[in-house]
Structures are given as structure tokens and as C-alpha cells.
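Listed below, chain by chain, are the residues.
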Amino acid sequence: MQAPQPLPVLDTLGRPLHDLRISVTDRCNFRCVYCMPKEVFGRDHAFLPRAEILDFEEIERVVRVLTGLGVAKVRLTGGEPLVRRNLERLVAMLAPIPGVEDLTLTTNASLLAGKAQELADAGMHRVTVSLDALDDPTFMRMNDVGFPVARVLDGIAAAEAAGLGPIKINSVVRRGLNDHAVLDLAGHFRGTGHTVRFIEYMDVGHSNGWRMDDVVPAAEIVATIDARWSLEPIGPAYRGEVANRYRYRDGAGEVGVIASVTQPFCGDCTRLRLSADGQLFTCLFATRGHDLRGLLRSGATDADLADSLSALWRVRDDRYSELRTADTVELPKVEMSYIGG
Ligand code: SF4
């Protein structure tokens with residue numbers, strides 16, 4: 001066993017291991033065109049077999065070991081995490097782990113109305129909801145399963161009532177698809193205490209047909225809102241915060257933009273990702289993962305796990321968004337629906 005390492009563990013760019021994003025399933029009940037297009041994720045798509053998926057006890061163990069290496073923020077993702085049964089049981093196992101300061105979930109909110117209170121009772125701190133438009137025709141075109149906006153708003157209301165707010169609303173903006181919805185979304189959530197973060201459309205995975213022409217730069221999104229409601233920039237709340245934050249000068253709250261394409265933020269990226277089948281990814285745009293499930297099921301001790309995890313992070317040098325070129329876009333990058341955003 002190696003001598004205990006100074007905490008938190010730093011990668012080759014001096015970035016601390018701080019955030020763990022856990023995909024608890026590769027399944028989703030939406031088919032968002034920029035993430036899980038139907039043409040690729042059709043009826044005969046082979047999702048991960050049950051036996052290959054980490055169970056809650058294995059996930060709990062990984063989190064416990066990683067908090068010992070500096071992880072303080074844990075986000076549950078998918079696919080759509082709420083399609084995994086009894087997720088509140090996992091939340092109840094993770095919330096008491098010493099070192100877990102922030103336990104959150106990213107969801108499309110399709111099932112949130114019926115789950116919010118259970119998640120809150122189990123110890124969830126807050127939720128982030130994906131919502132790409134407020135008008136049904138656009139939203140249904142983007143989720144591609146005909147799911148209505150009203151039921152997402154019901155989920156947001158239930159989460160707020162359960163004390164899981166203030167809620168962050170993530171909205172991917174794609175030119176020609178929902179860029180007209182930016183002011184609708186900003187207008188709807190102004191003054192509610194909830195914060196919309198507009199996300200530049202990204203070349204995640206290798207199946208969404210990404211083109212730079214379809215990206216609406218963050219600067220353009222901010223200018224559009226500022227022309228309607230005057231904004232002023234405010235600094236990040238912590239190192240590694242992905243959104244550029246802006247305050248409405250009239251006091252109606254905040255709005256954010258996540259500009260991975262035009263203003264990359266790799267220099268402060270503190271995120272490690274775990275897929276539902278136990279593969280570790282040190283970047284959202286990685287082309288390969290590192291098997292942890294084998295180690296978990298091989299009788300390795302917690303100390304062995306810790307050594308392996310810190311060794312992986314210490315050699316990390318990912319900064320894809322800073323190095324993105326027309327060639328890198330074509331790389332066989334891992335699908336976002338498999339490792340979560
Ligand atoms: S591109 Fe990779 S390294 Fe850069 S911010 Fe995103 S996940 Fe982090």
C-alpha cells in the first residue's frame with residue numbers, strides 16, 4: 001500500500017478531483033435529437049444487460065472511496081436516472097457518506113413529479129432539470145417522444161415543493177431548432193429563484209451529426225437576453241463551475257451559459273465520470289474508459305481501489321474542448337447518454 005497522498009488528488013494540470021458524475025443507467029424515456037437520436041437508439045438498440053450494471057452497494061463503495069480522495073460533489077445522471085427503479089434507496093445510501101457535501105441529480109423531469117418528495121426524504125440536496133423549450137411543438141421535436149412541457153413544469157413544481165430548489169434548468173440551444181426559445185425560457189424563470197443555463201450544442205458522442213453551424217455561441221445568447229433584460233456578469237461560485245453567470249440588473253435573479261465550444265473551461269475541470277457498467281471517464285469527450293467494475297468484483301480492498309483511482313486521476317491531462325478541431329469532432333467519442341452530461 002502506497003503512503004497516503006496529499007488530498008485532494010491533483011491531475012497533471014493541477015486540477016483537483018472534486019466532482020463525480022454517476023450514470024446509473026444508459027436508458028432514457030426521451031430521444032433528444034442532440035443526445036440519443038432515434039435513428040441510432042431505436043427499438044432494437046442493445047442497452048446494457050442487468051448483470052453488467054453496478055448495483056447500489058457497488059456505487060456506494062466507489063463514492064465512499066472517492067470521498068477519501070477529495071470528491072465532495074456527487075451528481076446522479078443517466079440516460080434518465082429516474083428510470084432506474086428505487087433510486088431513492090441509492091440516494092439514502094450516498095447522502096450520509098462523510099465528505100459528500102453536494103448530492104444532486106440531472107433529470108428530464110418526466111418522472112420527477114412522482115419522485116421528488118421521496119428523493120428529498122432520502123437526502124437529495126437539489127436537482128437540475130433539462131428543458132429545451134416552453135412551446136410543445138419545439139419541445140416535442142427535440143425530445144422526439146411527444147412529451148409535453150406541462151409535465152416537466154409539474155416536476156419542477158414538485159421538486160420546489162419538496163425543498164430541492166433553487167433549481168437549475170439546463171437548455172441545449174441548437175440553431176434552427178430552439179434558438180427562438182431562449183427568451184421564452186429566460187422570461188418564464190426570471191424572478192422564480194430558479195436559474196436557466198443555456199448550453200452550447202456540443203459534439204458529444206458520435207451520433208448527433210454535430211456541425212459548428214448549428215452552434216449558437218454563448219455570446220450571442222447573452223446578447224439576445226441582454227437586449228431584452230439588462231445583464232451584468234458575476235464570478236463563478238466555486239472552482240470548476242461550468243456556467244458563466246449573469247445577474248439581471250433589475251434583480252430578477254440569474255441566468256447562465258455553458259460555453260464548452262466557444263469558451264472552453266477545461267482548465268478548471270474537476271469532473272470524473274462513472275458509467276452504469278463501471279467504466280471511468282476522465283473527460284466528457286473521451287474515446288475510451290477505464291474498467292473499475294472488474295476491480296470492484298475481483299475482491300480488491302478499498303485501499304487497492306483508492307490506489308487505482310488516484311493513479312488514474314494523477315495522470316489525467318484531458319482538455320478536449322480546448323483542443324477541438326474538425327478532426328477531433330469525428331473521433332469515436334463515448335455517447336453522452338452512456339456517461340451522463
Ligand atoms: S472537455 Fe473534458 S476536460 Fe474539458 S471541461 Fe469538458 S470534461 Fe472537462
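Conventions and cut-offs
- Residues numbered from 1 in each chain as written.
- Predicted model: local features only at pLDDT ≥ 70, side-chain atom pairs only at ≥ 80, totals over all residues.
- Heavy atoms only, no water.
- Phe/Tyr/Trp six-rings, centres within 6.5 Å; stacked < 30°, edge-to-face > 60°.
- Helix = DSSP H or I, 4+ residues; strand = E, 2+ residues; numbered from the N terminus.
- Buried < 20%, exposed > 50% of the residue type's maximum accessible area, 1.4 Å probe, protein only.
- Lys NZ or Arg CZ within 6 Å of the ring centre and 35° of its normal.
- Near = heavy atom within 4 Å.
- Nonpolar A, V, L, I, M, F, W, Y, C, P; charged D, E, K, R; others polar.
- Expected span 1.5 Å × (residues − 1).
- Contact = heavy atoms within 4.5 Å.
- Polar contact = N/O pair within 3.5 Å; in protein donor to acceptor, adjacent residues only side chain to side chain.

Caption draft 1: Fine view of the packing of aromatic side chains. Scanning the entire structure with this criterion turns up five aromatic pairs. Centre to centre, the rings of Phe 30 and Phe 139 are 6.2 Å apart; their planes meet at 75°, and the pair counts as edge-to-face. Highlighted residues: Phe 30 in the loop between β1 (19-23) and α1 (56-67) and Phe 139 in helix α4 (residues 136-143), separated in sequence by 109 residues. Each of the two residues, Phe 30 as well as Phe 139, counts as buried. Each ring, one from Trp 229 and one from Tyr 248, has its centre 6.3 Å from the other, and the planes form 90°; the classification is edge-to-face. In this pair, Trp 229 sits in the loop between α7 (218-228) and β7 (231-234) while Tyr 248 sits in strand β8 (residues 244-248), placing the two residues 19 residues apart along the sequence. You can call Trp 229 buried: its relative accessible area is 13%. Here the basic side chain of Arg 190 rests over the ring of Tyr 248, its NZ or CZ set 4.7 Å away from the ring centre. Here Arg 324 stacks its cationic end above the ring of Phe 285, 5.2 Å away from the centre of that ring.

Caption draft 2: Region of interest: the site of the ligand. Close contacts around the ligand come from 13 residues, with Cys 266, Cys 269, Cys 283, Leu 284 and Ser 321 the closest. Each residue belonging to the shell around the ligand can be placed in one class, and the counts come to seven nonpolar, one polar and five charged.

Caption draft 3: Looking closely at α1. Taking 1.5 Å of rise per residue, the twelve residues of α1 would be expected to cover 16 Å, and the 16 Å separating its terminal C-alpha atoms lies within 8% of that figure. Counting buried residues in α1 gives ten out of twelve residues, a clear majority hidden from the surface. The complete set of buried residues in α1 reads Phe 56, Glu 58, Ile 59, Glu 60, Arg 61, Val 62, Val 63, Val 65, Leu 66 and Thr 67. Against β1, β2 (73-77), α2 (87-94), β10 (271-274), α8 (293-296) and α9 (302-314) lie the buried residues of α1. One side-chain oxygen at the N-terminal end of α1 lies 3.1 Å from the backbone nitrogen of Glu 57; it belongs to Asp 55.

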